[in-house]
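As a plain string of letters, each chain reads:
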Amino acid sequence: MTMDKSLQLRAGLVRSRSVLSRAERIARLQASDRWQEGQSPLGLPKVRVYKITMKKKKKRKEEEEGAAAAGAADKK
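Residues numbered from 1 in each chain as written. Predicted model: local features only at pLDDT ≥ 70, side-chain atom pairs only at ≥ 80, totals over all residues. Heavy atoms only, no water.

Some details on the overall build of the protein
Then comes step 1: The number of helices and strands found in the protein is 2 helices and 0 strands.
Then comes step 2: By residue count, 7% of the 76 residues in the protein fall in the buried class.
Then comes step 3: At a minimum sequence separation of 6, the contacts of the protein that also span at least 24 residues come to 20%. (Helix = DSSP H or I, 4+ residues; strand = E, 2+ residues; numbered from the N terminus. Buried < 20%, exposed > 50% of the residue type's maximum accessible area, 1.4 Å probe, protein only. Contact = heavy atoms within 4.5 Å.)

What follows is the structure, encoded as structure tokens:
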């Protein structure tokens, strides 16, 4: 049975998560050179999770003026 399109999640795992798994925390610590091989995986230091927000694009005035001019030309 298929799921209705209105019930489907469009961006399931795209958003940023506030909690990382232990493996993800170790990977981030290795990337920042804060993890030494052989260190205990228990009691890991905190790892900051950056939240990325995307701003909406503003409409350009030229596009609006162009659409208004095209609408005015159609009415003539």
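Side note on the environment of R25
Then comes step 1: Note on placement: R25 falls in helix α1 (residues 22-31).
Then comes step 2: For R25, a relative accessible area of 24% corresponds to the partly exposed category.
Then comes step 3: Here the alpha-carbon distance between R25 and W35, two residues 10 residues apart in the chain, equals 9.9 Å.
Then comes step 4: Excluding its chain neighbours within four sequence positions, the residues that come into contact with R25 are L20, L44, P45, K46 and V47.
Then comes step 5: Only 3.1 Å separates the side chain of R25 from the backbone oxygen of L44, close enough to count as a polar contact. (Polar contact = N/O pair within 3.5 Å; in protein donor to acceptor, adjacent residues only side chain to side chain.)

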